[in-house]
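Inside the fold
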Amino acid sequence: AADAFSAAPTDTTTPERGTAMFGTTAKIAEYLSAVKELRGQLAEPDLPDRKKVKAVERCLERVLKPMQDAMLLGELSLDLSDAQLQTASAAALAIKGHIVELTDATNKGVFDVVNRELVEIQEAAETYLSIATIGESL
């Protein structure tokens, strides 16, 4: 029986199911939604650690790294002030550091740190989106 972490098309950590174009705020919002879903899945009390590790590893490859790339690409098309562009860029770059820490915590099986890093990634993505939507609407 497939679970929420299988590679089936219903896998909630696979944003490819959406139709938004890469680099757009809509695509980044899809990635962000997948991060939120993963946090919910990791909070399940009966979920074995091996499934948590697999889910985070899948999220790293299919969601977090592409999300950061999409944010960096999206910056190029935003019509923002220099200060706003700096804030958007800082949010995208912050995710890179959180990805490193998330990978380390996952490898060590320290899931409270995993959750903290996912929260930090979520906050950085939300900051980026709040600024990027201004730049897209101009």
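Attention here is on the structure that accompanies the text. Note that this is a predicted model, so its numbers are computed, not measured.

Observations concerning the overall build of the chain
Across its full length, the chain carries 4 helices and 0 strands. Listing the helices and strands of the chain from first to last along the sequence gives α-α-α-α. Nonlocal contacts in the chain, meaning residues at least 24 apart in sequence, comprise 72% of its contacts between residues at least 6 apart. Of the roughly 7100 Å² of accessible surface on the chain, a fraction of 55% belongs to carbon and sulfur atoms.

As for a nonpolar patch on the surface
On the surface, a cluster of nonpolar side chains totalling about 320 Å² of accessible area is made up of F22, L73 and L76. Within the secondary structure layout, L76 lies in the loop between α2 (49-75) and α3 (82-108).

A look at helix α1 (residues 25-42)
The terminal C-alpha atoms of α1 lie 26 Å apart, and with 18 residues this matches the ideal 26 Å at 1.5 Å per residue to within 8%. Buried residues of α1: T25, K27, I28, Y31, L32, A34, V35, L38, Q41 and L42, and no others.

Section: the side chain of E75
Looking at where E75 falls in the secondary structure, it is placed in helix α2. Comment: no salt bridge for buried E75; closest opposite-charge side chain is K96, at 12 Å.

How each quantity is defined
Residues numbered from 1 in each chain as written. Predicted model: local features only at pLDDT ≥ 70, side-chain atom pairs only at ≥ 80, totals over all residues. Heavy atoms only, no water. Helix = DSSP H or I, 4+ residues; strand = E, 2+ residues; numbered from the N terminus. Contact = heavy atoms within 4.5 Å. Areas by Shrake-Rupley, 256 points an atom, 1.4 Å probe, with all protein chains shown as cover. Patch = residues over 30% accessible without salt bridge, like charges linked within 9 Å, V, L, I, M, F, W, Y side chains within 5 Å. Salt bridge = Lys/Arg side-chain N within 4 Å of Asp/Glu carboxyl O. Expected span 1.5 Å × (residues − 1). Buried < 20%, exposed > 50% of the residue type's maximum accessible area, 1.4 Å probe, protein only. Lys, Arg positive; Asp, Glu negative; His and termini not counted.

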